[in-house]
Amino acid sequence: MKKITKETYLNWYEEMLFWRKFEDKLAQVYIQQKVRGFLHLYNGQEAILAGSLHAMDLSKDKMITAYRNHVQPIGMGVDPKRVMAELFGKATGTSQGLGGSMHIFSREKGFYGGHGIVGGQIPLGAGMAFGDKYNKTGAVTLCYFGDGAARQGSLHETFNMAMLWKLPVVFCVENNGYAMGTSVARTANHEDIWKLGLGYEMPCGPVDAMNPVAVAEAMDEAIERARRGDGPTFLELKTYRYRGHSMSDAQHYRTKDEVAEYQKIDPITQVKETILEKGYATEEEIKVMDKRVKARVAECEKFAEESPFPDVNVMYDVVYDQEEYPFIPHRL
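Analysis parameters
- Residues numbered from 1 in each chain as written.
- Predicted model: local features only at pLDDT ≥ 70, side-chain atom pairs only at ≥ 80, totals over all residues.
- Heavy atoms only, no water.
- Pairing = 2+ DSSP bridges.
- Helix = DSSP H or I, 4+ residues; strand = E, 2+ residues; numbered from the N terminus.
- Axes fitted to C-alpha atoms, helices over the stretch in contact; angles between N-to-C directions.
- Contact = heavy atoms within 4.5 Å.
- Salt bridge = Lys/Arg side-chain N within 4 Å of Asp/Glu carboxyl O.
- Buried < 20%, exposed > 50% of the residue type's maximum accessible area, 1.4 Å probe, protein only.
- Core = buried A, V, L, I, M, F, W, Y, C linked by side-chain atoms within 4.5 Å.
- Expected span 1.5 Å × (residues − 1).
- Phe/Tyr/Trp six-rings, centres within 6.5 Å; stacked < 30°, edge-to-face > 60°.
- Patch = residues over 30% accessible without salt bridge, like charges linked within 9 Å, V, L, I, M, F, W, Y side chains within 5 Å.
- Areas by Shrake-Rupley, 256 points an atom, 1.4 Å probe, with all protein chains shown as cover.

A few points about the sheet that holds strand S3 (residues 169–175)
- In spatial order, the strands read S1-S2-S3-S7-S6; together these five strands make up an open sheet with parallel pairing. With partners counted over all chains shown, the strands left at the sheet margins are strand S1 (62–64) and strand S6 (204–208), one partner each. The mean angle between the axes of side-by-side strands here comes to 20 degrees, regardless of whether they run parallel or antiparallel.
- Here six bridges tie strand S2 (residues 141–146) to S3, and the two strands are oriented parallel to one another. Its bridge partner lying in S3, Thr141 is registered against Val169.
- Relative to S2, helix H5 (residues 121–135) is tilted by about 175 degrees, and along the sheet it contacts S1, S2 and S3.

Observations concerning the pattern of salt bridges
- According to the stated counting rule, one finds 18 salt bridges in the structure shown.
- Ionic pairing is found between Asp132 and Lys62, a salt bridge with its closest N-O pair at 2.9 Å. Residue Asp132 is located in helix H5, and its partner Lys62 is located in strand S1; the two are separated by 70 residues in the primary sequence.
- Given the relative accessible area of 7%, Asp132 is considered buried.
- Residue Lys81 pairs with Asp79 through a salt bridge whose shortest N-O separation is 3.2 Å.

Quick notes on the side chain of Thr233
- Along the chain, the position of Thr233 falls in strand S7 (residues 233–238).
- On the basis of relative accessibility, which here comes to 7%, the residue Thr233 falls in the buried class.
- Thr233 has contacts with Val169, Val170, Phe171, Met202, Pro203, Ala222 and Arg225, leaving out every residue within four places of it along the chain.

A short note on the nonpolar core
- Within the largest apolar cluster, 59 residues are counted, with the highest numbers of intra-cluster contacts made by Trp19, Leu26, Val170, Met219 and Leu237.
- The biggest single contributor to this core is helix H1 (residues 6–31), with 11 residues.
- For Leu237, the contacting residues outside a window of four places in its chain are Ile48, Tyr144, Cys172, Val173, Glu174, Asn175, Val207, Ala209 and Met219.
- Counting residues in each nonpolar core, the second largest holds 23 residues, with Ala126, Phe145, Ala149 and Leu155 among its members.

Let's talk about helix H10 (residues 283–306)
- Over its 24 residues, H10 extends 35 Å from the first C-alpha to the last, a length consistent with the 34 Å expected when each residue adds 1.5 Å.
- Among all positions of H10, only Ile286, Met289, Val293, Val297, Cys300, Glu301 and Ala304 are buried.
- The inward-facing, buried residues of H10 contact H1, helix H4 (80–87) and helix H9 (267–277).

Quick notes on the packing of aromatic side chains
- Tallied over the full model, the rule gives 13 aromatic pairs.
- Ring centres of Phe159 and Phe171 lie 4.8 Å apart, and the angle between their planes is 40 degrees; this geometry places the pair in the tilted category. One end of the pair, Phe159, is in helix H6 (residues 153–164); the other, Phe171, is in strand S3, and 12 residues separate them in sequence. Considered together, Phe159 and Phe171 belong to a single accessibility category, that of buried residues.

Focus on unusual backbone geometry
- The phi angle at Lys136 is positive, at roughly 55 degrees, despite the residue not being glycine.
- Within the secondary structure, Lys136 is located in the loop between H5 and S2.

A word on a nonpolar patch on the surface
- Side chains of Leu98, Val312, Met315, Tyr316, Val318 and Val319 sit close together on the surface and give an oily, nonpolar patch of about 590 Å² of accessible area.
- Classification of Val318 by relative accessible area gives exposed; the value is 60%.

Pasting the structure below:
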């Protein structure tokens, strides 16, 4: 694994803080109705992305996930201004404003969505890995999904084929405790989701996903296993989200005390404490980083605000149309 250095910790702190503040800004503009539709925020889960990126080879590895997907493409190298513009529905967005919150996408940077169908990305991730194995690219696909999606039948079909074909994919369930408002304990007879891999003899296990170091170590082992042709791994990334499932979630299923307990092991705070303990930076230097993050978020908002909405014709350019398409009567 790449060494975790002083620079790693400083980068983790600034990037995770930026992702957190980026999401906070989205929550703010959502209330102002500048962002419409659904909005699922990543607050609390940042260590997963930080640790994963450390273990990946961004020149060829790919990532696919569900609809809690704003900061992942940023981590993969997508301009955050374009991500925010997409959420604002602007022409400068990653999909010209047509995808919105749940469908951020960048083939150029190896980020393949943003999928709104629960569990829909699981077979897609395996399919991407199949393509890489077939074409001998040496790339690995990281496929993320939530604890609710782990109950989908498509997961079992995919696990079976991925193991049979030894596909270069890492399956990652981001277990943040709740599928929308339903706790893991209420969705199955077991709470250790990682054990689903045992039925397929797939290497699997739990990971402390509030700690980017633990994530990086687990991801590195899984990625290298996939890259050398030994097949997939299934990791249960145990994390927690501070905000509701979406902005419309009243969160009646949990208490404020529960959220506060998890905030005591906040990944950003953990990294900051390590930085201070090891003397990687002073409090004053951290304040400079904080100001830099604030300025970056403000720049993203300004760009999104000032960008134009797409021309109405763009909407029709991506809709299939054929006058003489069979089986559809044109005259009633």
